[in-house]
Amino acid sequence: MTSIDAVWRAESRRVLATLIRLLRDFDRAEEALNDAFLAAAEQWPRDGVPANPRAWLVSAGRFKAIDRLRRKARFDRVAAELALADEETEMAPEPEHIADDRLRLIFVCCHPELPPDAQIALTLRETCGLLTEEIAAAFLAKPSAIAQRIVRAKSRIRDLGLPYDVPEPEELAVRLDAVLRTIYLIFNEGYAASHGTELVRVDLCDEAIRLCRLLIALLPESDSEAEGLLALMLLQHARGAARTDRAGDLVLIADQDRRLWNRSEIAEGVALVEGAMARPVLTAYVIEAAIAAEHAIAPTAEATDWREIVQLYDLLRRADPSPVVALNRAVAVAMRDGPEAGLREINAILEGGRLDDFRYLHAARADLLRRLGRRDEARAAYAAALELTHQAAEQRFIEGRLNELQD
Amino acid sequence: MRYLCLVHFDGNEVFGKLDAPGKIQLDIDSLGYNEELEASGNLVATQALQSANTAVLVRVREGRVSTTDGPFIETKEQLAGFILIEARDLNEAIRIASGIPLAKLGTIEVRAIYDIPRHEGAAP
């Protein structure tokens, strides 16, 4: 059973993406996906795991779906036509198509015809495999509200007949923003899972990087936004092995063993940043990647160039004036000018009232208060952060800090 | 996760509209869908209910049992049955609920199951 669970984790979203293309319907594809895994649970323990589980699952799912349609066809004329069409075209799952299916799925999920909040919910569920309830918790929303957003988005895709494909080059540029944002979202969910027991979901990070490379290859000319995003993801991913210890607990960047950082990913990321920084227009992803590069090239935590990092945050704030950027800048200011200066900035953001529910704001504030020896206030801020954290490793980290401050 | 799909419909309205073969077909479809859910591993339990006017409401107040005729709420759509399912998440539960044949004639209420927590140290 464990091997099927592992295959579900690794392959279910890819198989689903291909089944949506073959069956032209989200719900029918989800049903077929379940049928395929049910067949696998029955046959694999007996016959062994097939050499290519993904292809096996796609063909089993497709076969089961056609079977269902045939049975329904006795009552339903539309189903009869579809079953017939499927038989006629004999759509075999060609490998080169499968590779692009997740990109197709992302382009459908973040189609401009869908409302932005629905795009995000749909993408997280369909391409990342998050559960409706997990997405709701991440967005502090009711599961019923998220579920309806997803149902409506799927109906809209069906009603408008939105194409299940990567757009033509001329349209690609217009649609790129939303797709890059979605890829970044997938990466973020993998980099710091909002939920569950594992802090890092490497499968999601790898997939986001793979999709970004695929997108760059598809673009008619080089795009600094897309390359900046790839650089940013590579530079963050490079630290992956050092971010948690053997027990799965969080290790802060200052305490990480830098020998565990992936040097080839850092080299590729830094080269992409240098290329993009040389261009006349700087985009948010490029600046974020440049900040990540500063961390990645510092030989020790003490040698980090915080002066340069604060300057890059100043640039970033102009490209992206969000309170989250202001918060990160405040942390950099604290490193450059001391905790007092950082705290002043964080308190100003808190007074702005837009990040009250952001766990990292309270955690960052708590850390500065702790360093200033203001223990009671630090404890209160850690408690506020803990309240907002649904992720086991982060919870353990905060509880550890709270214990240290206890006596 | 488990979800309870509560099937509500207006019996007078639905059975008033259906002819005899239509009623038979509804039974065949409903049993067929139960079998489908059993085969897919989603079915936990399912029952249809007799008409709401066979219901009795029971209350205990200050140690005294009182009973009255149902149904509980005076609405046209009454509880006609339930399907307890196992689904990955709420959207899968919705997909399964939308396949219930009576969804075309009535309303399916999908509710997530709540596990009553055991409080350690509390008296049973």
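Preceding this section is the structure that the text describes.
Let us look at the structure shown here. (Residues numbered from 1 in each chain as written. Chains lettered and ligands numbered in written order. Predicted model: local features only at pLDDT ≥ 70, side-chain atom pairs only at ≥ 80, totals over all residues. Heavy atoms only, no water.)

1. Let's talk about the pairing of strand β3 (residues 56-61) of chain B
On any regular strand, side chains alternate: one points to one face of the sheet, the next to the other face.
Step number 1: In this structure, β3 of chain B lies alongside strand β4 (residues 64-69) of chain B, joined through 6 bridges in antiparallel fashion. Pairing of R61 of chain B across the sheet is with R64 of chain B, part of β4 of chain B. (Pairing = 2+ DSSP bridges. Helix = DSSP H or I, 4+ residues; strand = E, 2+ residues; numbered from the N terminus.)

2. Things to note about the sheet that holds strand β6 (residues 107-112) of chain B
Residues and elements named next belong to chain B.
Step number 1: Within the open sheet, the 4 strands sit side by side as β2-β5-β1-β6. Their pairing is antiparallel. Here the strands that pair on one side only, and so sit at the sheet edges, are β2 (43-48) and β6. With strand direction ignored, the average angle separating the axes of adjacent strands in the sheet is 20°.
Step number 2: Sheet topology note: the strand β1 (residues 2-9)/β6 ladder contains 6 bridges and is antiparallel. What sits directly across from Y3, in β6, is A112.
Step number 3: Packed on one face of the sheet, helix α2 (residues 20-39) meets β2 and β5 (78-86) and runs near 165° to β2.
Step number 4: Contacting β1, β5 and β6, helix α3 (residues 90-98) crosses the sheet at an angle of about 155° to β6. (Axes fitted to C-alpha atoms, helices over the stretch in contact; angles between N-to-C directions. Contact = heavy atoms within 4.5 Å.)

3. Thoughts on the pairing of β1 of chain B
Residues and elements named next belong to chain B.
Step number 1: Of all 8 residues in β1, 6 are buried; the element is thus mostly enclosed.
Step number 2: With 8 bridges joining them, β1 and β5 adopt antiparallel strand pairing. Bridge pairing links C5 to I83 in β5. (Buried < 20%, exposed > 50% of the residue type's maximum accessible area, 1.4 Å probe, protein only.)

4. Side note on the side chain of E31 of chain A
Step number 1: Looking at the secondary structure, you find E31 of chain A in helix α2 (residues 26-47).
Step number 2: Among residues more than four places away in sequence, those in contact with E31 of chain A are R68 of chain A together with R95 of chain B.

5. Description of the environment of I183 of chain A
Step number 1: Relative to the helices and strands, I183 of chain A resides in helix α9 (residues 169-191).
Step number 2: Beyond its immediate sequence surroundings of up to four residues, I183 of chain A is in contact with I106, A208, L211, C212, L215, L229 and M233 of chain A.

6. Some details on the packing of aromatic side chains
Step number 1: Tallied over the full model, the rule gives 6 aromatic pairs over all chains.
Step number 2: Seen from their ring centres, Y184 of chain A and Y285 of chain A are 5.6 Å apart, and the 90° between their planes marks the pair as edge-to-face. Of this pair, Y184 of chain A sits in helix α9 while Y285 of chain A sits in helix α14 (residues 284-297), and the two are 101 residues apart along the sequence.
Step number 3: Residue classification places Y285 of chain A among the buried positions, given a relative accessible area of 11%.
Step number 4: Taken together, a centroid distance of 5.8 Å and an interplanar angle of 75° make the contact between F9 of chain B and F15 of chain B edge-to-face.
Step number 5: Residue classification places F9 of chain B among the buried positions, given a relative accessible area of 9%.
Step number 6: In this structure, R239 of chain A is placed above the aromatic ring of W261 of chain A, and the distance from its NZ or CZ to the ring centre is 6.0 Å. (Phe/Tyr/Trp six-rings, centres within 6.5 Å; stacked < 30°, edge-to-face > 60°. Lys NZ or Arg CZ within 6 Å of the ring centre and 35° of its normal.)

7. What to know about the interface of chain A and chain B
Step number 1: Facing the 22 residues of chain A at the interface are 13 residues of chain B.
Step number 2: With both chains or domains summed, chain A and chain B bury close to 1,400 Å², and 47% of this area falls on carbon and sulfur atoms.
Step number 3: Joining chain A to chain B, the criterion identifies 4 salt bridges.
Step number 4: Applying the counting rule to chain A against chain B returns 10 residue pairs in polar contact (both at pLDDT 80 or more).
Step number 5: Put simply, the parts of the chain that give the side of chain A that touches chain B at least two residues each are α1 (2-23), α2, α3 (53-73), α7 (132-138) and α8 (143-160) of chain A. (Buried area = accessible area lost by both parts, 1.4 Å probe. Salt bridge = Lys/Arg side-chain N within 4 Å of Asp/Glu carboxyl O. Polar contact = N/O pair within 3.5 Å; in protein donor to acceptor, adjacent residues only side chain to side chain.)

8. Concerning the pattern of salt bridges
If the charged atoms of two oppositely charged side chains come close together, the side chains can form a pair.
Step number 1: Inspection of every chain in the model, using the stated rule, returns 41 salt bridges over all chains.
Step number 2: With a closest N to O distance of 2.7 Å, R21 of chain A and D101 of chain A form a salt bridge. Of this pair, R21 of chain A sits in helix α1 while D101 of chain A sits in helix α5 (residues 95-109), and the two are 80 residues apart along the sequence.
Step number 3: Relative accessible area serves as the criterion here: at 0%, D101 of chain A is assigned to the buried category.
Step number 4: Connected through salt bridges with shared partners, the residues D27, E30, E31, D35, R68, R125, E126 and K154 of chain A together with E36, D89, E92 and R95 of chain B form a single ionic network.

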